[in-house]
Amino acid sequence: MYYVSTRDRLQKTTGSGAIAYGLAPDGGLFTPEAIPSLAGNALNTLRDMTYRQRAVYVMNMFLDGYSAAELNGFCAKAYSPERFRDPAVAPVRKVSEGTYALELWHGPTCAFKDLALQMLPHLLTSALKKEGEGKTACILVATSGDTGKGALEGFKDVPGTRILVFYPKDGVSAIQELQMTTQEGSNVGVCAVRGNFDDAQAQVKGLFSDPDLKKELAGRGYFLSSANSINWGRVLPQIVYYVSAYCDLMKSGNIQKGDKVNVCVPTGNFGDILAAWYAKRMGVPLGKLICASNQNNVLTDFIKTGVYDRNRPFYQTISPSMDILVSSNLERLIHAFSYGNVEQVRGYMDQLAQTGRYEVASSVKRELVRDFAAGFCTDDQAKAMIANTWKGNGYLLDPHTAVAFHVLEDYRSETGDSTPAVVASTASPFKFCPAVLEALGEKAPVQGLESIAQLARLTGLEPPVPLTNLAGKEIRFTQVVEKSGMVKPVLELLK
Ligand SMILES: *Cc1c(COP(=O)(O)O)cnc(C)c1O
């Protein structure tokens, strides 16, 4: 199976090529030429497997150049009991009748990014070997909070790699910042940037396409690669957990094979919900994919109107990992809905770059509303949802997941569609203690690490070990740069 660039159908490569180089040379995203099918008995077969086995099965369908034995080895390491505290890896919990949380935060950094970022280093380092790449890969990451730490944990001390993470100085939670600045490992770098996530992401994209930097680094024996969800190696492991969630619901008898299940995903860069769409296209009987945004609701408008317009105020919210106005992965979906008309895709992306706005053709709009629904909520609404779900169901939501619960409730009352729904629960509430404490009525919650103990006392829940372990870790990284100054830390790390 081959991968094509979203902007040029002649730019074709294998799975390992797509993973090794991240972005196509024309700036497009590599996307599978055809989507494999889970028809016939496949879901029954998958139902009786462990998470790790399901991951091997699904990833193998997309990656010709990797053997099942090889993928098996990767999964054993990436999803080992040392790394994932829950034996189910990504367990499905019933929150109320017909509403389930797919818990994606039992990994080392307590957010869903771990499911992909524990796998990516294995996929990437073997892809580099398969591609005959002799240079060392330097992973460059722009993060809205969780990707950075996830990538650092995944790549730390992986031979043949370096990793440098940029995060917006005032755009991440205190605990997220501490997770990154205390990162261990001999091949890692962390740097704060003045500006927001979109600024950092735009600059990182600029570094990737800077020919002078490329030449300089090649001379030093390096090339730049990406761990952002523009890399197919990030999206692929995420498809697995939507397949797995459906199988778990079959296994527990909550649904019968073939029953429709809606999926609601708190969305930022559109990577997570895109993975759900691939699962649906593979034949998992998913109904509506509900895209949930916070007050940065550019995707809500897009899905409802077909107009993508980033010219709007940027809000800092209590769900910082969704504070994004340019959702890179949308390009893969638009490409799929354009049926090979890459000129159309390129046209939209050029307009986005030049004016910050584009409107898709009516044929694309029709497909969008068939598969997707969308909504958004404010911080106050998300906090109310945290309080209500804790009081009513004894289930504690983090602020991102709360956005999705709110949007699901709105969707159900607006449409009358009461199909069972799986909500992607993307982070542990202990990652965002001050906001969660406020939601639960704490007037002046403490900040930083003490807030973890405060939330544990208030709820009686046990905080995840990787977060309590942060106490007493040494701060290793303090550098802050202007967004125009991001080349310097790259050159420093890759001396
Ligand atoms: C990254 C992240 C999101 C958004 O996911 P995308 O794939 O960027 O849409 C939502 N919630 C949390 C906690 C995250 O870390």
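Whatever comes next refers back to the structure up there.
Residues numbered from 1 in each chain as written. Predicted model: local features only at pLDDT ≥ 70, side-chain atom pairs only at ≥ 80, totals over all residues. Heavy atoms only, no water.

A. Quick look at the overall build of the chain. Looking only at helices and strands, the chain has 22 helices and 16 strands in total. Rg of the C-alpha trace for the chain: 21 Å, near the compact-globule value of 23 Å for 495 residues, within the 12% margin. With respect to the three principal axes, the spread of C-alpha positions in the chain is 60 × 55 × 45 Å. With 495 residues in all, the chain has 61% of them scored as buried. Look at the contacts in the chain between residues 6 or more apart in sequence, and 74% of them connect residues 24 or more apart. In the form shown here, the chain has an accessible surface area of approximately 18,100 Å², with 49% of it arising from carbon and sulfur atoms. Looking at the chain, you have 51 positive and 50 negative side-chain charges, and the mean spots of the two groups are 3 Å apart. (Helix = DSSP H or I, 4+ residues; strand = E, 2+ residues; numbered from the N terminus. Rg over C-alpha atoms; globule rule 2.2 N^0.38 Å. Buried < 20%, exposed > 50% of the residue type's maximum accessible area, 1.4 Å probe, protein only. Contact = heavy atoms within 4.5 Å. Areas by Shrake-Rupley, 256 points an atom, 1.4 Å probe, with all protein chains shown as cover. Lys, Arg positive; Asp, Glu negative; His and termini not counted. Charge placed at Lys NZ, Arg CZ, Asp CG, Glu CD.)

B. Region of interest: the sheet that holds strand β10 (residues 261-266). With respect to topology, six strands assemble into an open sheet ordered β4-β5-β15-β10-β11-β14, the strand pairing being mixed. In this open sheet, the two edge strands, each paired with only one partner strand, are β4 (92-96) and β14 (372-376). This sheet shows a mean twist of 25° between the axes of neighbouring strands, independent of strand direction. Pairing of strand β11 (residues 286-293) with β14 involves five bridges; the strand directions are parallel. Residue pairing in the sheet places Cys291 in a bridge with Ala374 of β14. Its contacts with the sheet place helix α13 (residues 298-305) against β11 and β14, and it is angled at close to 140° to β14. (Pairing = 2+ DSSP bridges. Axes fitted to C-alpha atoms, helices over the stretch in contact; angles between N-to-C directions.)

C. Quick look at the sheet that holds strand β1 (residues 3-5). Sheet architecture is open: three strands sit in the order β2-β1-β3, paired in antiparallel fashion. Of all the strands in the sheet, just β2 (8-13) and β3 (30-32) have a single pairing partner and so form its edges. Averaged over neighbouring strand pairs, the angle between their axes works out to 40° when direction is ignored. As paired elements, β1 and β2 share three bridges and run antiparallel to each other. When the bridges of β2 are listed, Val4 appears paired with Lys12.

D. Molecular detail of the packing of aromatic side chains. A complete count under the given rule lists 15 aromatic pairs for this structure. Note on Trp232 and Tyr278: the rings are 5.2 Å apart at their centroids and 85° apart in plane angle, and the pair reads as edge-to-face. With Trp232 in helix α11 (residues 232-251) and Tyr278 in helix α12 (residues 271-282), this pair connects stretches of sequence that are 46 residues apart. Judged by relative accessible area, which is 2%, Tyr278 ranks as buried. Note on Phe302 and Tyr308: the rings are 5.7 Å apart at their centroids and 65° apart in plane angle, and the pair reads as edge-to-face. With relative accessibility at 0%, the residue Phe302 sits in the buried group. On the basis of relative accessible area, Tyr308 is assigned to the buried category, the value being 2%. (Phe/Tyr/Trp six-rings, centres within 6.5 Å; stacked < 30°, edge-to-face > 60°.)

E. Seen up close, the site of the ligand. In the vicinity of the ligand lie 15 residues, with Lys113, Asp146, Gly268, Asn269 and Thr426 positioned nearest. At 2.5 Å, a side-chain N or O of Asp146 approaches an oxygen atom of the ligand. Within the backbone of Asn269, a nitrogen or oxygen atom sits 2.7 Å from an oxygen atom of the ligand. Taken atom by atom, the bulk of the ligand overlaps the largest cavity. (Near = heavy atom within 4 Å. Polar contact = N/O pair within 3.5 Å; in protein donor to acceptor, adjacent residues only side chain to side chain. 1 Å grid on protein atoms, 1.4 Å probe; cavity = no way out; pocket = protein on both sides within 12 Å on 5 of 7 lines; lining within 4 Å. Sits in = over half its atoms within 2 Å of the grid points.)

F. Looking closely at helix α4 (residues 68-78). Inspection of α4 places Leu71, Phe74, Cys75 and Ala78 among the buried residues, and these make up the whole buried set. Taken end-on, α4 shows its buried residues confined to a sector of 95°, consistent with a single buried face. Those residues of α4 that are exposed and angled more than 90 degrees off the buried face are Ala69 and Lys77. (Arc of directions from axis to C-beta.)

Everything listed is a geometric property; what it means functionally is a separate question.
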